[in-house]
Amino acid sequence: MNLLHLDSSALGAHSVTREITAAAVERWAADAAPVRIVRRDLDAAPLPHLSAATLAGGDAVAESAAVLDEFLAADVVVIGAPMYNFGVPSTLKAWLDRISVAGKTFRYTAEGPEGLVHGKTVVIAVAAGGAHAGQPTDFVEPYLRQLFGFLGVRDVHVVRADGVAMSAEHRREAIERAVAALPAPLRHAA
Ligand SMILES: Cc1cc2nc3c(=O)[nH]c(=O)nc-3n(C[C@H](O)[C@H](O)[C@H](O)COP(=O)(O)O)c2cc1C
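Residues numbered from 1 in each chain as written. Predicted model: local features only at pLDDT ≥ 70, side-chain atom pairs only at ≥ 80, totals over all residues. Heavy atoms only, no water.

### Notes on the pattern of salt bridges
Stage number 1. Per the counting criterion, the structure on display carries 10 salt bridges.
Stage number 2. With its nearest N and O atoms 2.8 Å apart, the salt bridge here joins aspartate 138 to arginine 160. You can see aspartate 138 sitting in the loop between β6 (121-127) and α5 (141-150) and its partner arginine 160 sitting in strand β7 (residues 155-161), a full 22 residues away along the chain. Grouping residues by exposure puts aspartate 138 and arginine 160 together as buried.
Stage number 3. Ionic pairing is found between glutamate 176 and arginine 172, a salt bridge with its closest N-O pair at 3.5 Å. Placement of both glutamate 176 and arginine 172 in helix α6 (residues 168-180) is noted, with a separation of 4 residues, approximately one turn of the helix. (Salt bridge = Lys/Arg side-chain N within 4 Å of Asp/Glu carboxyl O. Helix = DSSP H or I, 4+ residues; strand = E, 2+ residues; numbered from the N terminus. Buried < 20%, exposed > 50% of the residue type's maximum accessible area, 1.4 Å probe, protein only.)

Written out as structure tokens, the structure reads:
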């Protein structure tokens, strides 16, 4: 079983999403099935923005292909998705731009778009300073659900820690609730 662990928080040891994704990965690693964990820290090692250069050829294209292969090889993808200025961090957006590839992860047919990514579980930890769950101000969870749904991923779990800037108590309780809401490890082929 392959697990891809992605973080994008810029807040290092103070990050809420890093704490939750670490708990999620620990939970999968403690499961009876052997787990191979691949770690990608999009803050420590950011991918370049999608640009003419990254589409044109050379090293940047090879890096994009490697990022896509890493995603495709994962049975479980655990993603830390902080809310920065109402959306996902640009470092996470750069990764999403690498995995959304026509002909590889989706295609258009006469009937409309078709996602090509099947059999994956995606676990997303969202954190926000304010309370945005279910509100029109949230451009994190609806965006990520749309994107992974478009790619064909059916098994998407979102856990949220909202209001973490409201008080230390809000923060602690929100993290505890998010960790408690993490899905139990599902069985994938070893
Ligand atoms: C650059 C930046 C932008 C932020 N923008 C928002 C925002 O638009 N709305 C909000 O509720 N909180 C915002 N916050 C607060 C974060 O969502 C909060 O600190 C959360 O814990 C981020 O996840 P992290 O701790 O894993 O980085 C922002 C924080 C930073 C550092």
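That was the structure; now back to the text.
### Structural notes on the site of the ligand
Stage number 1. In the region of the ligand, 16 residues are neighbours, and Ser9, Ser15, Thr17, Met83 and His132 sit closest.
Stage number 2. Contact distances for the ligand include 2.7 Å between an oxygen atom and a side-chain N or O atom of tyrosine 84.
Stage number 3. Within the contact set of the ligand, an oxygen atom lies 2.9 Å away from a backbone nitrogen or oxygen of phenylalanine 86.
Stage number 4. For the ligand, whose unbound accessible area comes to 620 Å², protein coverage reaches 75%.
Stage number 5. In the shell around the ligand, the residues fall into 9 nonpolar, 7 polar and no charged. (Near = heavy atom within 4 Å. Polar contact = N/O pair within 3.5 Å; in protein donor to acceptor, adjacent residues only side chain to side chain. Areas by Shrake-Rupley, 256 points an atom, 1.4 Å probe, with all protein chains shown as cover. Nonpolar A, V, L, I, M, F, W, Y, C, P; charged D, E, K, R; others polar.)

### Some thoughts on the side chain of threonine 91
Stage number 1. With respect to the secondary-structure elements, threonine 91 resides in helix α4 (residues 90-99).
Stage number 2. Residue classification places threonine 91 among the buried residues on the basis of a relative accessible area of 18%.
Stage number 3. Excluding residues that lie within four positions of it along the chain, threonine 91 makes contacts with Ser8, Leu42 and Pro46. (Contact = heavy atoms within 4.5 Å.)

### Observations regarding unusual backbone geometry
Stage number 1. Located in the positive-phi region is asparagine 85, a residue other than glycine, with phi close to 50 degrees.
Stage number 2. Looking at where asparagine 85 falls in the secondary structure, it is placed in the loop between β3 (76-82) and α4.
Stage number 3. Unlike most non-glycine residues, phenylalanine 86 shows phi in positive territory, near 75 degrees.
Stage number 4. Positionally, phenylalanine 86 belongs in the loop between β3 and α4.

### Quick word on the sheet that holds β7
Stage number 1. Sheet architecture is open: 5 strands sit in the order β2-β1-β3-β6-β7, paired in parallel fashion. Two strands in the sheet have a free side with no partner beyond their single neighbour: β2 (36-41) and β7. Looking at each pair of strands side by side, their axes are set apart by 15 degrees on average, direction ignored.
Stage number 2. Against the sheet, α4 makes contact with β1 (2-7), β2 and β3, and its axis sits at roughly 145 degrees relative to β3, the strand it touches most. (Pairing = 2+ DSSP bridges. Axes fitted to C-alpha atoms, helices over the stretch in contact; angles between N-to-C directions.)

### Some thoughts on the nonpolar core
Stage number 1. Judged by nonpolar contacts, the single largest core of 32 residues is most densely connected at Val77, Ile79, Trp95, Ile99, Ile124 and Phe148.
Stage number 2. If you list the elements that add at least two residues to this core, you get β1, α3 (59-73), β3, α4, β6, α5 and β7.
Stage number 3. Non-local contacts of isoleucine 99, meaning those with residues more than four positions away in its chain, are made with Val67, Leu68, Phe71, Thr105, Leu147, Phe148 and Leu151.
Stage number 4. Grouped together as the second largest cluster of nonpolar side chains are 19 residues, Met1, Val16, Val159 and Ile175 included. (Core = buried A, V, L, I, M, F, W, Y, C linked by side-chain atoms within 4.5 Å.)

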